[in-house]
Each structure stands twice: as C-alpha cells, then as structure tokens.
Amino acid sequence: MRLPMRWLAVGAVVAIVIGAGAGYLTAHDSGSDIRVAAAPDADASGSAGPLDPSASPSTSASASPSPSVTKKGSALASRPNDGTGYWPDFSNTGYAHAPANAGGLGKGAYPGKLKDHASGMSAAKPLRLEFPDNSVITFQRFLALKVTIYGDNLTFIGCLFEGTIPNDNLVQIYADTAITFRYSTFKPNSYARPPGNNGNVSSAPNPPGTPFDKSWQLVTTMKGAVATMDHNDIWGNAGLEMTTGRPGKPSRWTNNYLHDLADTSHDEYHHDGIGPQSEGDGGPMIVDHNTIASLGNTNGLALQGTGVYDHVSFTNNYVSGWGYAVCIGTRNNATNVTVTGNVFSAELSQLYGFNYGGIWGGKSRGSTWRNNRLQVRAGDDNSHFKVSDNGKYLWPSNLAKSTDYTG
C-alpha cells in the first residue's frame, strides 16, 4: 500500500531534486546558512582518520550485535526496552551509548556530554558542514532547520542531529562514495523522548506520535554515497532515503533502533523506515539486527518501486507495526533476496500484513525465506494473529504455519 506524500510549500520555494536513484520534492529555506569549515587537523570538529573498515566490498552480513553490548534473553523471548538488551533499543543505541573504539576507529567512549558544533545554532536556521574527506567527527550536537554535509567518506560517531523541518531533510548529505553514522541520534528538537513511549515498549502503541509541525522527514544522500548506519537511535521522522548500494559495495544497516515515526494519526506522511526507495533497480543492501517498529501506513523496509531489487539481505531483525512492514518491490521481480531469522512481532497494531502483497519470487529468482518467526503475546495490538501463533513460522503469504517455508 502506497500513499501519496504531502509536502509543505508555505514560505518556501519548492523544487525537484534528484538524489541517489530517487526523485523527490524538497523545500529550500531562504535564510542564510551557518557555514563551518573544519580544519584538516581539527579534533572534535573533524579529525582526519582511517577509512571505515565496514565500507569494504564484502556483502556478508554480521548476524551478531556489537560485542560491546551485554545481552540477555533471546530473539523470540525478548522485546526492545524489556531490560534484556537483546534488541536495539534505548539502552544500547544513540550517542550516549557509544563505546570506545566504535567501528574500530580508535576513538574514546561517550564522554558524558556533547559539544555544540557551533554557537548560534537554532532549529530555525540551516547549518552547513564542510569536512575534509575521510574525517571522523565525534560527540557533537548539531541543531538546525536542516544540516547539509559536504565531504566524502565521513564518519560520525556519538553525534546528535536534532531539529524541526516537516516535509524536508533534517540531514542532507553531499558525498560521492560513502557516509557512516555510528551510535548517533536523529530526533526532533522539541522532545527528549518520543511522545507516548514510556521506555518499556518498542514504539508508542497509540497515535499521534510526534506532531507533524514538530517533526522532520528524511535523512537523504543527494549524491552517490553508500551509507553505513550502525547503532543509531532514529525517531520523530517519516523515513530514511539512503537505501541502496552499488555492486560490491552494499549499504549496511546494523543494530539500529528505528521507531516512533511522526504524525501517525494522519496521512501527512508516508510512514517509512528504511526508505522510501521508489524507483526500483536498487541494491545491494544488508539490513541485519535492527529494531524496525512503529505505527504507520507504509513500510519499515520501503523498497516500493517496480524496478528490480537485487541482493537484498534482511536478517535477524525485530519488526512490528506499519502498514505492510516489509516491501521488496511492488511486483514479483526482486532477485537474490534473503529474508531469514527475523522476529515479526504482534506487539504493535498493523494495517495489513508483514509482507507487501504476499509477493515473493522464491528459489527461481535466487531468493530465500527461512526461519522467520512470529512473536505473539496476550494483549498485543496486532489483531491478525493470536497467542497460539507464537513461535510459528511466518510465510511470505502472511500466514502463520507450524512448518517453515521452503519455496
């Protein structure tokens, strides 16, 4: 199910911008930028560092979360924010939980507070960032109407990006080859915690979430950069338009907490998690061990085009809510897709089903759907399943079965 995007145009000049494989509208603010250029030898503002090792061409997914996280529980027995730390949640993602040597880059752990990137930052003004290629930026707060980032192969560790910009990009990235965010937080500036989320659930179980006029819409790569997203806490928005990689260089989404999308009581937004990618012809992607949970009208994995999606790996994730939670193409033409080891939870209410349209290419297209389990408990909000379905296998047809799918 796809709903039309609605875009604010009041007080803004609206233009069509072509990003990395997707066309979308964006509203350009007429105010002046705060321009901050980092020196090549700067420390907190952008120290030149080694290349991110996760940007290697390997397409294999790591099925395990970071070794810095002490986990209890198990995939089927645990839920985000239940105290086990098994799934990505408030306890192990975002800037405050950045460990020493995150990403193997030799940086320290979260020092207890963030440094404001510049004086005079405001949610009413855009902020332009320029860093030397290969910089590593650590433990900074960026507050802006919109943050635009220039520089290639940049890595942000333990940073906070916050602001309010409905129907536009909170973070807009101009990088040619790569961009990495680790243990960073992306949120509206009006709230410390998502409205309606008491810290004991994966995502607020009731609308409206963050009001539209206090929300932000996307983080977007505007050029060819392939994204690596690891251990980030992301909420109060409507999607992440950084979805596809290049042959031999997959985009990587690992251990992130994607939750509490904005304005879930209305259709002002397409409620997408990773995505939207609306054109097709996308991939490769590795999406491993994330929490992807929210109320919403569309998809947690939002590959919504009619073109071919190839070499997409969706493994070991906690998935709950959405319209259809997973969409890998809107017709049966995806190839080499792996959907394995995921927990599809009935915790949050859901409009339709877990897999868009029951579409699945199967063995004939090089694809594998195995060991995807249902987690259902008394009192859960997803009425499509009952407690007796707990532990059963979810088939791509959206049915609960006692045996695994083999097609």
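Placed above this text is the structure.
Scope of this entry: the structure provided in the associated data block. (Residues numbered from 1 in each chain as written. Predicted model: local features only at pLDDT ≥ 70, side-chain atom pairs only at ≥ 80, totals over all residues. Heavy atoms only, no water.)

## Observations regarding the overall build of the protein
Then, number 1: Helix and strand counts for the protein stand at zero helices and 33 strands.
Then, number 2: Out of the 407 residues in the protein, the part that is buried amounts to 57%.
Then, number 3: The long-range fraction of contacts in the protein, counting pairs at least 24 apart against all pairs at least 6 apart in sequence, stands at 72%.
Then, number 4: Here the protein displays about 14600 Å² of accessible surface, and carbon together with sulfur accounts for 52% of that area. (Helix = DSSP H or I, 4+ residues; strand = E, 2+ residues; numbered from the N terminus. Buried < 20%, exposed > 50% of the residue type's maximum accessible area, 1.4 Å probe, protein only. Contact = heavy atoms within 4.5 Å. Areas by Shrake-Rupley, 256 points an atom, 1.4 Å probe, with all protein chains shown as cover.)

## Quick word on the nonpolar core
When a protein is soluble and globular, its nonpolar side chains tend to lie buried together.
Then, number 1: If you look at the biggest cluster of nonpolar residues, it comprises 62 residues, and the most contacted ones within it are Ile149, Phe156 and Phe161.
Then, number 2: If one sorts the elements of this core by residue count, strand β12 (residues 165-174) sits on top with four residues.
Then, number 3: Those residues in contact with isoleucine 149 that lie beyond four places of it in its chain are Leu129, Leu154, Phe156, Phe161, Val171, Gln172, Ile173, Tyr174 and Phe181. (Core = buried A, V, L, I, M, F, W, Y, C linked by side-chain atoms within 4.5 Å.)

## Looking at unusual backbone geometry
Then, number 1: Backbone torsion omega between proline 207 and proline 208 reads 15°, so that peptide bond is classified as cis.
Then, number 2: Residue glycine 275 is joined to proline 276 through a cis peptide bond whose omega torsion reads 10°.
Then, number 3: In this fold, proline 276 is placed in strand β20 (residues 274-277).
Then, number 4: Positive phi values are uncommon outside glycine, yet asparagine 134 reaches one of about 75°.
Then, number 5: In this fold, asparagine 134 is placed in the loop between β6 (127-130) and β7 (135-138).
Then, number 6: Residue classification places asparagine 134 among the partly exposed residues on the basis of a relative accessible area of 27%.
Then, number 7: The backbone of asparagine 255 sits at a positive phi, close to 60°, despite the residue not being glycine.
Then, number 8: A relative accessible area of 6% places asparagine 255 in the buried class.

## Considerations on the sheet that holds strand β26 (residues 324-328)
Then, number 1: Read from one edge to the other, the open sheet built from four strands follows the order β20-β23-β26-β29, with strand pairing classed as parallel. The open sheet has two edge strands with one neighbour each: β20 and β29 (353-355). The sheet shows a mean angle of 25° between the axes of neighbouring strands, taken without regard to direction.
Then, number 2: Sheet topology places strand β23 (residues 301-303) next to β26; three bridges connect them, and they run parallel. Bridged to leucine 301 within β26 is valine 326. (Pairing = 2+ DSSP bridges. Axes fitted to C-alpha atoms, helices over the stretch in contact; angles between N-to-C directions.)

## Quick notes on the pairing of strand β9 (residues 147-150)
Then, number 1: Where β6 meets β9, four bridges bridge the pair, whose relative direction is parallel. Residue pairing across strands places glutamate 130 opposite tyrosine 150, the latter belonging to β9.
Then, number 2: Summarising the sheet, β9 and β12 pair through four bridges and their orientation is parallel. Directly across from tyrosine 150, in β12, lies its bridge partner tyrosine 174.

## What to know about the pattern of salt bridges
Then, number 1: As enumerated under the stated definition, the model contains nine salt bridges in all.
Then, number 2: Arginine 79 serves as the salt-bridge partner of aspartate 380, at 2.7 Å between the closest nitrogen and oxygen. One end of the pair, aspartate 380, is in the loop between β31 (373-375) and β32 (393-394); the other, arginine 79, is in the loop between β4 (47-48) and β5 (115-116), and 301 residues separate them in sequence. For the pair aspartate 380 and arginine 79, a shared accessibility class is recorded, and that class is buried. (Salt bridge = Lys/Arg side-chain N within 4 Å of Asp/Glu carboxyl O.)

None of the figures reported here should be taken as evidence of function without further support.
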